[in-house]
Amino acid sequence: MTGFWSSIVLATAPRAAGTPSPSGPPTDEPVAPVTLDEAAERASNAAGWVEENWSSWLNTGLRIMLILVVALVLRMLVRRALTKLIDRMNRSAQAVEGTALGGLLVNAERRRQRSEAIGSVLRSIASFLILGTAGLMILGAFKINLAPLLASAGVAGVAIGFGARNLVTDFLSGVFMIMEDQYGVGDTVDAGVATGEVVEVGLRVTKLRGDDGEIWYVRNGEIKRIGNLSQGWATATVDVTVRPSEDLDKVNAVIGSVADGLAKSEPWNEQLWGPVEALGLTEVLLDSMTIRVAGKTMPGKALSVERELRWRIKRAFDAEGIRIVGGLPVPEEASAADPSASMAAPSALASPTSPQSLATAPIPPAPPNLQK
């Protein structure tokens, strides 16, 4: 208390003329001397003001500390609960992965990225709500009017929303795509603007690897429709075009034997989910007819099954003597030679009486009487 009273006395002591004051430039006006009673009275007033307000200061400080502690603890508990939920989802995916159908029904990498993306979104939303509410409560503890602040924040949010509407659209589309599990890592999809295998699924963009190895970065907001080629089952379809003179029963029997052999061989017996059948004629023309062969396969295995099926059908047709349109032509009997084929077309100049011959004839000389 001795230092406090000394500072009060020094602050209220009279200053000589020309001495710089704490709040302005030096002045030449004389300052009235302050007595010891006046200094004591001012110190008493300051001490009384501090004594009157220290309780409210302490109350405000304790309230702010309580708000911060509750907000941080609540944020930690919510984030920990979300992390445990995501870990449980991953453990359930890993448990199913070891079963017989685990490789077909569950993709561990896909489930992991999907769960991590959902957890990241939920944690960010929880942190924003908890910390934002705590900040508003702290401002309210300082007796700050929040109405203008909230109004300004609303106007700023609308302006930012108009300026970054594409970003907001991409983000919201990515959130719903992940939550609805429309596609995941390893799926082959047709996104309209690009087609390929999904490499990574993000909240803003989706990475696709095309057939030639290129990487496509597709914004989630630009995807208007999505075709997932890796969910459920696929169809392997092969069209066989033969000559119209072929025996259909024989062709059907050969295709049936090829389908049976394919279904019994490795690894095609695992990739086929249904029998390969000849569906019938899809087109009949004067010089060809087309037979369609189809069968259900595992997702993403249709192209490999189609290639193997074409290979086996071609070899079986060659062994049975069935000609495919576009192959070697069937030899036909040689017809008698046309004697007029080597003759040239008659010429109009061959006849001396034709107009062409008369037009090319030389002009005869004039009679003697006309020359004179």
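Residues numbered from 1 in each chain as written. Predicted model: local features only at pLDDT ≥ 70, side-chain atom pairs only at ≥ 80, totals over all residues. Heavy atoms only, no water.

J.: Looking at this structure, I do not really get the packing of helix H7 (residues 248-264) against helix H9 (residues 302-320). What am I missing?
T.: Packed helix pairs are specified by the crossing angle of their axes together with the interaxial distance, meaning the distance between the axes. Interhelical geometry of H7 versus H9 gives an angle of 130° and a closest axis separation of 10 Å. Taken as axis vectors, H7 and H9 run oblique relative to one another. Here H7 and H9 pass one another in a crossing that is right-handed. Taken together, the residues of H9 that come into contact with H7 (itself represented by Lys250, Val251, Val254, Ile255, Val258, Gly261 and Leu262) are Val305, Glu308, Leu309, Arg312, Ile313, Ala316, Phe317 and Glu320. For the contact of H7 with H9, a count of residues per class yields 10 nonpolar, one polar and four charged. (Axes fitted to C-alpha atoms, helices over the stretch in contact; angles between N-to-C directions. Helix = DSSP H or I, 4+ residues; strand = E, 2+ residues; numbered from the N terminus. Parallel < 35°, antiparallel > 145°, perpendicular 65-115°, else oblique. Left-handed = near helix turned anticlockwise from the far one by under 90°. Contact = heavy atoms within 4.5 Å. Nonpolar A, V, L, I, M, F, W, Y, C, P; charged D, E, K, R; others polar.)

J.: Would you mind showing me how to read the nonpolar core here?
T.: In globular proteins that are soluble, nonpolar side chains generally tend to be buried together. By size, the foremost hydrophobic cluster in this structure holds 22 residues, and its most contacted members are Leu309 and Phe317. Looking at this core element by element, the count peaks at six residues for H7. Ala191, Val198, Val201 and Val218 belong to the second largest nonpolar core, which has 13 residues in total. (Core = buried A, V, L, I, M, F, W, Y, C linked by side-chain atoms within 4.5 Å. Buried < 20%, exposed > 50% of the residue type's maximum accessible area, 1.4 Å probe, protein only.)

J.: Which parts of the structure should I look at to understand the pattern of salt bridges?
T.: Side chains that differ in sign of charge can pair as their charged atoms come close. According to the stated counting rule, one finds eight salt bridges in the structure shown. Ionic pairing is found between Glu308 and Arg312, a salt bridge with its closest N-O pair at 2.8 Å. With Glu308 and Arg312 both in helix H9 and four residues apart, the pair spans about one turn of that helix. On the accessibility criterion, Glu308 (18% relative accessible area) is buried. Here Asp318 and Lys314 are joined by a salt bridge, their closest N and O atoms 2.5 Å apart. (Salt bridge = Lys/Arg side-chain N within 4 Å of Asp/Glu carboxyl O.)

J.: Honestly, the environment of Val293 in this entry has me stumped. Any pointers?
T.: On the secondary structure map, Val293 appears in strand S8 (residues 289-297). Taking the C-alpha atoms as reference points, Val293 and Leu279, separated by 14 residues in sequence, lie 5.8 Å from one another. Excluding residues that lie within four positions of it along the chain, Val293 makes contacts with Ala236, Thr237, Val238, Ile255, Val276, Glu277, Ala278 and Leu309.

J.: In this structure, what is going on with the sheet that holds S8? I would like to understand it.
T.: What holds strands together in a sheet is hydrogen bonding between their backbones, with the strands either parallel or antiparallel. If you trace the three strands from one edge of the open sheet to the other, you get S6-S8-S7, paired in antiparallel fashion. The sheet terminates laterally at strand S6 (234-242) and strand S7 (277-284), the two strands that pair on one side only. Within the sheet, the average angular offset between the axes of one strand and its neighbour, ignoring direction, is 25°. Here six bridges tie S7 to S8, and the two strands are oriented antiparallel to one another. (Pairing = 2+ DSSP bridges.)

J.: It is not clear to me how the environment of Ile255 should be interpreted in this structure. Could you clarify?
T.: Relative to the elements of secondary structure, Ile255 occurs in helix H7. We classify Ile255 as buried; its relative accessible area is 3%. With 23 residues separating them along the chain, Ile255 and Ala278 place their C-alpha atoms 7.1 Å apart.

J.: Even after reading the chapter, I still don't get a nonpolar patch on the surface, so can you show me in this structure?
T.: Together, Trp54, Trp57, Leu58, Leu62 and Met65 make up a nonpolar patch on the protein surface, roughly 570 Å² of accessible area in all. Inspection of the secondary structure puts Leu62 in helix H2 (residues 36-97). (Patch = residues over 30% accessible without salt bridge, like charges linked within 9 Å, V, L, I, M, F, W, Y side chains within 5 Å. Areas by Shrake-Rupley, 256 points an atom, 1.4 Å probe, with all protein chains shown as cover.)

J.: Help me understand the side chain of Ser288 in this model?
T.: Relative to the helices and strands, Ser288 resides in the loop between S7 and S8. When sequence neighbours within four positions are dropped, the list of residues in contact with Ser288 reads Thr241, Val242, Pro244, Glu283 and Val325.

J.: I'm lost on the sheet that holds strand S5 (residues 227-228) in this one. Help?
T.: Strand order in this open sheet of five strands is S4-S3-S2-S1-S5, and the pairing throughout is antiparallel. The strands lining the two open edges of the sheet, one partner per strand, are strand S4 (215-219) and S5. Sheet topology note: the strand S1 (residues 188-190)/strand S2 (residues 195-201) ladder contains three bridges and is antiparallel. In the sheet register, Asp190 faces S2, and the bridge partner there is Thr195.

J.: I tried to follow helix H6 (residues 165-180) on my own but got confused; where do I start?
T.: For the α-helix, the turn length of 3.6 residues means that residues three or four positions removed from each other point alike. For H6, with 16 residues, the first-to-last C-alpha span of 22 Å sits near the 22 Å given by 1.5 Å per residue. Among the residues making up H6, those that are buried are Asp170, Gly174, Val175, Met177 and Ile178. One side of H6 carries all its buried residues, which in axial view fall inside an arc of 165°. For H6, exposure combined with an orientation more than 90 degrees from the buried face picks out Arg165 and Glu180. Of the residues trailing H6, Asp181 is marked for its positive phi of about 55°. (Expected span 1.5 Å × (residues − 1). Arc of directions from axis to C-beta.)

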